[in-house]
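# Summary of the model geometry
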Amino acid sequence: MKLAIFSHGKESGPNGNKIKILRRVAEENGFETITLDYTKCNNATERVILLEEYIQEKGIDSLLLVGSSMGGYVSTVLSNNYNLIGLFLLCPALYMTNKEYTIKNYHPICENIEIIHGWNDEIVPFANSIKFGEQTKAVVNLVDDDHRLKKSYSFIEKRFDYFLKNVNSRKQ
């Protein structure tokens, strides 16, 4: 079973527009999908714990993590501990100075990494995604959009489909 786990942002929820788009594309590419609901978590650390408990409970072999903003941070932190088939991030809250983002060193056990970030992101500097992309050799897409990426839904959909087709074509 190939599973894609989606982690939403701090002020979003498990059924946001980006998640709906990504979930549909993942299912069209043969992935089972789950979106964890982090709305009752008080901080990023609680989200990391919730996702780790879910992964350990399920014992998943072919795992893809997808995260937006704080969910991107959560997914990236967990990518340090699990051999993923893919990591797909939207404006990930990496290298943030806020105290709740306690982990600043990222060493994903994953070769397939892609990021989409808005040039005009007012919450997470796009330079953080460039830094992470340079460190991991990830594909980094910068788009003319802000943190919510509302103008980029079509681009996100196309890039995610391409990303998944690439993941599916590689031998695991």
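Here the structure is shown first, and the text comes after it.
Attention in this report is confined to the structure presented alongside it. (Residues numbered from 1 in each chain as written. Predicted model: local features only at pLDDT ≥ 70, side-chain atom pairs only at ≥ 80, totals over all residues. Heavy atoms only, no water.)

Let us now look at the sheet that holds strand S1 (residues 2-7). The strand order across the open sheet formed by six strands is S2-S1-S3-S4-S5-S6, and the pairing between neighbours is parallel. Either end of the sheet is taken by a strand with one partner, and the two such strands are strand S2 (32-36) and strand S6 (139-143). Put simply, the sheet's adjacent strands are angled 15° from each other on average, direction ignored. Those strands touched by helix H2 (residues 44-58) are S1, S2 and strand S3 (62-68), and its axis lies near 165° from that of S1. (Pairing = 2+ DSSP bridges. Helix = DSSP H or I, 4+ residues; strand = E, 2+ residues; numbered from the N terminus. Axes fitted to C-alpha atoms, helices over the stretch in contact; angles between N-to-C directions. Contact = heavy atoms within 4.5 Å.)

This part is about helix H5 (residues 153-169). With 17 residues, H5 extends 24 Å between its outermost C-alpha atoms, agreeing within 8% with the 24 Å of an ideal straight helix rising 1.5 Å per residue. Within the span of H5, buried status applies to Ile156, Phe160, Phe163, Leu164 and Val167. Around the axis of H5, the buried residues are gathered within 95° of arc, so they sit on the same side. Those residues of H5 that are exposed and aimed more than 90 degrees away from the buried face are Lys158, Tyr162 and Ser169. Buried residues in H5 make contact with S1, helix H1 (17-28), S3, strand S4 (86-90) and strand S5 (113-118). (Expected span 1.5 Å × (residues − 1). Buried < 20%, exposed > 50% of the residue type's maximum accessible area, 1.4 Å probe, protein only. Arc of directions from axis to C-beta.)

A separate point is the packing of aromatic side chains. Per the counting criterion, the structure on display carries nine aromatic pairs. A ring pair is formed by Phe88 and Phe160, whose centres lie 4.7 Å apart and whose planes are at 55°; its orientation type is tilted. Pair noted here: Phe88 is in strand S4 and Phe160 is in helix H5, with a separation of 72 residues, a long-range link. Phe88 gets classed as buried once you look at its relative accessible area, which sits at 0%. With 5.0 Å between their ring centres and 75° between their planes, Tyr95 and Tyr106 make a pair best called edge-to-face. Linking Tyr95 in the loop between S4 and S5 with Tyr106 in the loop between S4 and S5, this pair joins segments that are 11 residues apart in sequence. (Phe/Tyr/Trp six-rings, centres within 6.5 Å; stacked < 30°, edge-to-face > 60°.)

For the pair H2 and helix H3 (residues 70-79), interaxial distance at closest approach is 9 Å and the crossing angle is 50°. In terms of their interaxial angle, H2 and H3 are classed as oblique. As for the relative orientation of H2 and H3, their crossing is right-handed in sense. Contacts from Ala44, Arg47, Val48, Leu51, Glu52 and Ile55 in H2 reach Met70, Tyr73, Val74, Ser75, Val77 and Leu78 in H3. In the contact of H2 with H3, the residues fall into nine nonpolar, one polar and two charged. (Parallel < 35°, antiparallel > 145°, perpendicular 65-115°, else oblique. Left-handed = near helix turned anticlockwise from the far one by under 90°. Nonpolar A, V, L, I, M, F, W, Y, C, P; charged D, E, K, R; others polar.)

Here we come to the pattern of salt bridges. Counted according to the given criterion, the structure contains seven salt bridges. Across the pair Arg24 and Glu28 runs a salt bridge, and its minimum N-O distance is 3.1 Å. Linking Arg24 with Glu28, this pair stays in helix H1, spanning four residues, or about one helical turn. When salt bridges with common partners are traced through the structure, they connect Arg24, Glu28 and Glu157 into a single cluster. (Salt bridge = Lys/Arg side-chain N within 4 Å of Asp/Glu carboxyl O.)

Glancing now at the environment of Glu100. Note on placement: Glu100 falls in the loop between S4 and S5. Along the primary structure Glu100 and Asn42 are separated by 58 residues, whereas in three dimensions their C-alpha atoms are 9.8 Å apart. Setting aside chain neighbours within four positions, we find Glu100 in contact with Lys10, Asn43, Ala44, Thr45, Met70 and Tyr73. One polar contact links Glu100 to Lys10, side chain to side chain, over a distance of 3.2 Å. (Polar contact = N/O pair within 3.5 Å; in protein donor to acceptor, adjacent residues only side chain to side chain.)

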